[in-house]
Amino acid sequence: MSGSGGGAPRIDGERLMGRLDELAQIGAIEGTQGNCRLALTDEDRDGRDLVGTWMADLGLDVSVDGLGNVVACTEPGRVADSVMMGSHIDTVATGGRYDGNLGVLAGLEVIESVLASGRVPARPLSVAYFTDEEGSRFAPDMLGSLAYVGGMALEEALEITDRDGIAVGDELDRIGYRGPAPVPGTVPYAYMELHIEQGPVLEFHETQIGVVEGVQGISWTEVTLSGQSNHAGTTPMPLRRDAGLAACRIAGEVRELAHNIGDSQVGTVGSISLVPNLVNVIAGSAVMTVDLRNTSEPMLQHAEARLDEIVSRIAEGEHLDAAMRRTARFEPVEFHPAVIDLVERCAAEAGLSHRRMPSGAGHDAQMLARVCPTAMIFVPSFDGVSHNPAEYTSPEDIEAGANLLADVVWRLASGEIDSDIAGGRDAAGNGTAA
């Protein structure tokens, strides 16, 4: 293919918003603007079918791999040469209409705009959506992209089960999305992901674009505390083995841990389950989750060590048995410096206010960064709300972000920063599979 002069074709904002609205009707949560399309459910299948129809209508070469990851390319057999865009279309149980979906449908819009212009960049373009990014049904999150880059064996991924004991492989077969393409998948030349921020920073600073430098490391731990159920009225306070009390103390100390470490450290106790969970019975057991995140791997390891000490100390003090299990662990990811610089330069040339920032949430881009030059673009989230039916990003911000995506992808596909990418590839830790 031969390159052509000029900037990237402009995207059609109304068409993009129309597709976001149409996809949002699948799994719509009644009375809200939200969605429930958990991975590999009937709703997920219907969403996949709709997006697949749009891909086919553009004449793209569509492949489905053994884990249900879908890649559509402007030229058959050239994914390895392509600049890939993408994200996911599964949601949490009480999700919004922009998380993940924007990255996929904006990528599709960029491709359609380029095709409609009749102009041909030096490299083909591709768009992908990855299976079970949310991890709400099948842990871990980013499952599809993790396997795509070789971070988990396909056989292992297919055997993962949900809370009802239903396996990933069986659900892929049931909905018709266990495809023939190999896993790991074909590594593209570069990968770009447009996403809502899912936080309040851009809105607080009245900034249009987040130039994402990387993704925080994530550590998820399940803590099980075992004590003794007993009568709430007859058991003296000093003689209790109260798992519920210990869980609450751990939750409080997780917050203090984050405050004491400071910087980018955050800590969250998102779930506590008590047994027997009755008003007049001391909790005999508690199962809780702890989510720790930091942009620094050494500091994340420090936070994990502090959590281990906290759990051990509190359990011993309350005469409980404690067990800890890491359920997910991803190191912090730094995106490719040359691609980050390109995003920033394109935003400045477009007159868009912007700031460099990390991502506090996990994304498929952090997996692709293991194998190819990668970066992300954020657009503002109203009130910083996400994973919530009230999730909202204005059409103006969506259009601005999608046009910026188009510009960055066009320049990548035209070879504008090839030498910078080649020079920074090893330093960014890209280019090798997990």
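For the structure, check the block above.
On a predicted model such as this, the values are computed, not experimentally measured, just so you know.

Rules of the game
- Residues numbered from 1 in each chain as written.
- Predicted model: local features only at pLDDT ≥ 70, side-chain atom pairs only at ≥ 80, totals over all residues.
- Heavy atoms only, no water.
- Pairing = 2+ DSSP bridges.
- Helix = DSSP H or I, 4+ residues; strand = E, 2+ residues; numbered from the N terminus.
- Axes fitted to C-alpha atoms, helices over the stretch in contact; angles between N-to-C directions.
- Contact = heavy atoms within 4.5 Å.
- Parallel < 35°, antiparallel > 145°, perpendicular 65-115°, else oblique.
- Left-handed = near helix turned anticlockwise from the far one by under 90°.
- Nonpolar A, V, L, I, M, F, W, Y, C, P; charged D, E, K, R; others polar.
- Buried < 20%, exposed > 50% of the residue type's maximum accessible area, 1.4 Å probe, protein only.

### Some details on the sheet that holds strand β7 (residues 217–226)
Stage number 1. Pairing is antiparallel across the open sheet formed by four strands, whose spatial order is β9-β11-β7-β12. Because the sheet does not close on itself, it has two edges, and the strands there are β9 (266–275) and β12 (321–330). Mean inter-strand twist for the sheet, computed between neighbouring axes without regard to direction, equals 15°.
Stage number 2. Along the sheet, helix α8 (residues 243–261) contacts β7, β9 and β11 (285–294); its crossing angle with β11, the most-contacted strand, is approximately 10°.

### Observations concerning the packing of helix α2 (residues 42–57) against helix α3 (residues 101–117)
Stage number 1. Running from N to C, α2 and α3 cross one another at 15°; their axes reach a closest spacing of 11 Å. Classed by the angle they form, the pair α2 and α3 counts as roughly parallel. Crossing hand, α2 versus α3: left-handed. Contacts between α2 and α3 involve Val51, Trp54 and Met55 from the first element and Val104, Leu105 and Leu108 from the second.
Stage number 2. In the contact of α2 with α3, the residues fall into six nonpolar, no polar and no charged.

### Some thoughts on the packing of helix α1 (residues 13–24) against α2
Stage number 1. Where α1 meets α2, the closest approach of the two axes is 10 Å, and the angle between their N-to-C directions is 150°. It follows that α1 is roughly antiparallel to α2 by the angle criterion. The chirality of how α1 crosses α2 is right-handed. The segment α1 lies against α2, with Arg19, Glu22 and Leu23 engaging Gly47, Leu50, Val51 and Trp54.

### Digging into the pairing of strand β3 (residues 83–87)
Stage number 1. Within β3, five of the five residues are buried, which leaves it mostly tucked inside the rest of the structure.
Stage number 2. In β3, alternate side chains face the same way, and those of Val83, Met85 and Ser87 on one face and Met84 and Gly86 on the other are all buried.
Stage number 3. Summarising the sheet, β3 and strand β4 (residues 125–129) pair through five bridges and their orientation is parallel. Opposite glycine 86, over in β4, you have alanine 128 as the bridge partner.

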